[in-house]
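# Commentary on secondary and tertiary structure
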Amino acid sequence: MQYALIVSLGGFVFGFDASVISGVVGFVAIEFGLDAFEQGMVVSAPTLGAIIASFLAGPMADRYGRRTLLQLIAALYVVSAICSAFATSYNTLVFARFIGGLAFASLHIAPMYIAEVSPAKIRGRMVSINQLNIMLGFSAAYFANYLILQLSGNDAGLAVALGIDAHTWRWMLGIEVLPALMFLLLLCSIPESPRWLLLNGRETEARSIFARILPAKDVKAEIACIQESVAQGRVSVVQALGRLFSKPMRLVLVLGLIVGISQQITGINAVYFYAPTIFEQSGVGTDAAFAQAIWVGIINIVFTVLAMVLIDRVGRKPLMLAGLSGVVISMAICAGSFNQATYQLPKDNTQQVQELVGSGALGSMAGVPYENDVAFKNALQESLTHEEFLTHQSALMQMAIEVDARMVLIGILGFVASFAFSLGPVMWVLLSEIFPNTIRGVAISCIGVANSAVSYSIQLVFPWELAHLGIVTTFAIYGGFALLGFVLVAWLLPETKGKTLEDLEKHLGGKSQSLAEPALQLKPTA
């Protein structure tokens, strides 16, 4: 339990690093004059780094050990936070965040480590601690952004002395140094994974660690079981890839890809990383948008805890199906609400609009109805300079839109709850379970590449989607992918709760599996 808590602190740092940009992107867009693609690049740069890290994380974890790689990851988080806070241009900010993305390998290594030091009967709950900490990190970032935003508008001496008023977004990024340093220091107190030690012939060390985490009567049997599964010793990356893509592993690989891609293609990181932007689309204003983003974090925590309670009782598959169906319903609510929205700058606010923009450029738009958000924003861009559009878009949207903002909030929070209840924690539990000991690192890296590539694409194109497709079509796309994921999971995914990693290896990869025979029955151990 202690080791799981320490390692999962990396999840907190990841969550903070990933979602803090939600409050930053609007500020840097104005300061550096960024277009939609450049805004997407600032947000998605870490995930681009994560794609590269995913290629290397598994092989490095297999070669150098889980703990060593986790310490390197923590150091990268520290460097990225410092460099991001002091970035002087768009390019340096993207590069600094890219460095942080290399540390996103913690998403793959932490669950692997926790699974390898946890008893089978509570493994799902232990691995889910990492996901809970990710959600806590998200929540902490949303809260920190809101607090710093409020301080930036305060004339109090401390806020001015610290430069929070003039460097708001730099403080948002720089505060990550604190949890990152704590993570790095605490990692010095954990042991190496005993399964990795056995894989490398270090039985004495592994036995000592198992003696700390397992009942004495179970140590001998556990070691014997692991030694049987790793009898051939450590394999090379090429050998591991060869086995991963072999016919006996076909079903396992397909399962991993389905779960890994479904987690991201439903748009969760667009919601996490652009939460204030999405809420601004409903016309609530910047301050309220930041405040509502805090609810995203709170809902995340509540439903992640619920998933932790149920994952080893109900099982992995029921949670996945419940969550995916919830995503479909939530996206339908959001898309339907925005589809009913109207956009029109009221004539009686013409003077207020002109005072806001500083010219009469928008006078011709007053009283003119627009059928959707794309048409309205295109009209704004034709009438304003790029800088004026970026600066005043939120306030003008607030004046123009008529939408049921409560239903939008319900839809977004329902989406977040559905993800936190299923796709978030369950994916990492499944990936840490279904692959054999000898190729687990390489296998998780391969799935991680696919997961990160989809996440990168979602984050990069989201501003473009809002600008060109509109928010209705964007949410409808996410809901469609969730429906497809539901069908594939219902068809192919077996239940894995309660089985040891070695038993799962025998059942899932011991012989050739046909995709025509998906209903694999794995009875849990007592």
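So, here is what we can say about the structure in this document. Since this is a predicted model, take the numbers as computed values, not measurements.

### Describing helix α12 (residues 203-213)
Turning to α12, its buried residues are Ala206, Ile209 and Phe210. Angular distribution of buried residues about the axis of α12 spans 100 degrees; they occupy a single face of the element. In this structure, α12 carries Thr204, Ala211 and Arg212 as exposed residues pointing more than 90 degrees from its buried face.

### Remarks on the environment of Ser394
In this structure, Ser394 sits in helix α22 (residues 386-400). Ser394 gets classed as buried once you look at its relative accessible area, which sits at 11%.

### Regarding the nonpolar core
Nonpolar side chains in soluble globular proteins tend to be buried together. Counting residues in each nonpolar core, the largest one holds 150 residues, and the members touching the most others are Tyr272, Phe376, Ile412, Phe435 and Phe475. Those residues in contact with Phe376, other than ones at most four positions away along the chain, are Tyr343, Leu345, Met365, Tyr370, Leu396, Met397 and Ala400.

### A few points about the packing of aromatic side chains
If you walk through the whole model with that rule in mind, you get seven aromatic pairs. Ring geometry for Phe32 and Trp169: centres 5.9 Å apart, planes at 75 degrees, overall edge-to-face. Residue Phe32 is located in helix α2 (residues 21-32), and its partner Trp169 is located in helix α9 (residues 168-174); the two are separated by 137 residues in the primary sequence. Ring centres 5.8 Å apart and planes at 65 degrees place the aromatic pair Tyr370 and Phe376 in the edge-to-face group. Grouping residues by exposure puts Tyr370 and Phe376 together as buried. Put simply, the rings of Phe14, Tyr77, Phe104 and Phe138 touch in pairs and so form one group of aromatic residues.

### A few points about the pattern of salt bridges
Using the criterion set out here, one finds four salt bridges in the structure. Note that Asp373 is salt-bridged to Lys377, the shortest N-O span being 3.9 Å. Placement of the pair is Asp373 and Lys377 together in helix α21 (residues 373-383), with a separation of four residues, close to one helical turn. Given a relative accessible area of 6%, Lys377 falls into the buried group.

What counts, and where the lines are drawn
Residues numbered from 1 in each chain as written. Predicted model: local features only at pLDDT ≥ 70, side-chain atom pairs only at ≥ 80, totals over all residues. Heavy atoms only, no water. Buried < 20%, exposed > 50% of the residue type's maximum accessible area, 1.4 Å probe, protein only. Helix = DSSP H or I, 4+ residues; strand = E, 2+ residues; numbered from the N terminus. Arc of directions from axis to C-beta. Core = buried A, V, L, I, M, F, W, Y, C linked by side-chain atoms within 4.5 Å. Contact = heavy atoms within 4.5 Å. Phe/Tyr/Trp six-rings, centres within 6.5 Å; stacked < 30°, edge-to-face > 60°. Salt bridge = Lys/Arg side-chain N within 4 Å of Asp/Glu carboxyl O.

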